[in-house]
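Breakdown of the fold
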Amino acid sequence: MNPVWIIALILGINMTYVSIFTLRLILVIKGKRLAASLISMVEVFIYLIGLQIVLDNLSSPIYIAAYCVGFGLGVFLGSKIEEALALGYSVVQVIADTVNTSLPDQLRASGYGVTVWQGEGRSGPRLVMQVLVKRSAEKRLLEAISATAPKAFVISHEPRHFRGGFWAKLLEK
């Protein structure tokens, strides 16, 4: 077989394997054990094929280099795929620079569940909001916040568990 084809094959196999590995890991973290178990069978099959090709050609460092490059590209590709899938939810905490803002009402009118309370900042009272949002809709939420309250302090993180409240009732349906 042509060495260029072998290099391309090693790169493609490893990029595929590591992308699937990345997705499997994310599925495990998100508690989707069955999907992770099923995808792991495909993952290990692809891994073994790629490893066999490299082990059959250990005398050529270019194949080992292709394996390493494919691994790195696979991590990058897997993270881009996960970003595009945007599995799960985010909690976005917004601290407005004033308590006199229409942001909570605007967000609620757009369908977001918003919990609001008043806090105290370095230079006075602040309105604190917490919004649970699907990760696939987080960018739209951040754009809406920025348009209405461009000076707001915004933090986003992924919750591991949640129950009760507005969202839990929607998710049960």
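Residues numbered from 1 in each chain as written. Predicted model: local features only at pLDDT ≥ 70, side-chain atom pairs only at ≥ 80, totals over all residues. Heavy atoms only, no water.

1. A short note on the overall build of the protein chain
The number of helices and strands found in the protein chain is six helices and four strands. When the helices and strands of the protein chain are read in sequence order from the N terminus, they spell out α-α-α-β-α-β-β-α-β-α. Viewed in the frame of its principal axes, the protein chain has a C-alpha envelope of about 70 × 35 × 25 Å. Across the protein chain, contacts joining residues at least 24 apart in sequence account for 72% of those joining residues at least 6 apart. When the accessible area of the protein chain is evaluated, it comes to approximately 11000 Å², of which 62% is carbon and sulfur surface. (Helix = DSSP H or I, 4+ residues; strand = E, 2+ residues; numbered from the N terminus. Contact = heavy atoms within 4.5 Å. Areas by Shrake-Rupley, 256 points an atom, 1.4 Å probe, with all protein chains shown as cover.)

2. What to know about the packing of helix α2 (residues 33–56) against helix α3 (residues 61–85)
Angle between the axes and distance between the axes are the two parameters that describe a pair of packed helices. Following both chains from N to C, one finds α2 and α3 inclined at 155°, their axes separated by 9 Å at the closest point. Here α3 runs roughly antiparallel to α2, going by the angle between their axes. Across the interface between the two elements, Tyr-47, Gly-50, Leu-51 and Val-54 from α2 touch Tyr-63, Ile-64 and Tyr-67 from α3. Here the contact of α2 with α3 is built from residues that sort into six nonpolar, one polar and no charged. (Axes fitted to C-alpha atoms, helices over the stretch in contact; angles between N-to-C directions. Parallel < 35°, antiparallel > 145°, perpendicular 65-115°, else oblique. Nonpolar A, V, L, I, M, F, W, Y, C, P; charged D, E, K, R; others polar.)

3. Things to note about the nonpolar core
Grouped together as the largest cluster of nonpolar side chains are 16 residues, with contacts concentrated most on Val-94, Leu-103, Leu-107, Tyr-112, Met-129, Leu-141 and Ile-145. With residues near it in sequence (within four places) discarded, Ile-145 still touches Val-92, Val-94, Leu-103, Leu-107, Pro-150, Ala-152 and Val-154. In terms of nonpolar packing, the next biggest core, distinct from the first, is built from 12 residues, Ile-13, Ile-20, Tyr-63 and Ala-66 among them. (Core = buried A, V, L, I, M, F, W, Y, C linked by side-chain atoms within 4.5 Å. Buried < 20%, exposed > 50% of the residue type's maximum accessible area, 1.4 Å probe, protein only.)

4. With respect to the environment of Gly-124
In this structure, Gly-124 sits in strand β3 (residues 124–134). C-alpha separation for the pair Gly-124 and Gly-50, spaced 74 residues apart in sequence, amounts to 60 Å.

5. So, the packing of aromatic side chains
Evaluation of the coordinates by the stated rule reveals two aromatic pairs. A ring pair is formed by Tyr-17 and Phe-21, whose centres lie 6.4 Å apart and whose planes are at 45°; its orientation type is tilted. Here the residue Tyr-17 and the residue Phe-21 both occupy positions in helix α1 (residues 3–29), the gap between them amounting to four residues, near one helical turn. For Phe-21, a relative accessible area of 30% puts it in the partly exposed group. Each ring, one from Tyr-17 and one from Tyr-47, has its centre 4.9 Å from the other, and the planes form 45°; the classification is tilted. Highlighted residues: Tyr-17 in helix α1 and Tyr-47 in helix α2, separated in sequence by 30 residues. (Phe/Tyr/Trp six-rings, centres within 6.5 Å; stacked < 30°, edge-to-face > 60°.)

6. Some points on the confidence of the model for the protein chain
Mean pLDDT over the protein chain stands at 88; residues scoring 70 or higher make up 94%. Confidence, expressed as mean pLDDT per element, reaches its minimum in the protein chain at helix α6 (residues 165–172) with 55 and its maximum at strand β4 (residues 153–157) with 94. (pLDDT = per-residue confidence, 0-100.)

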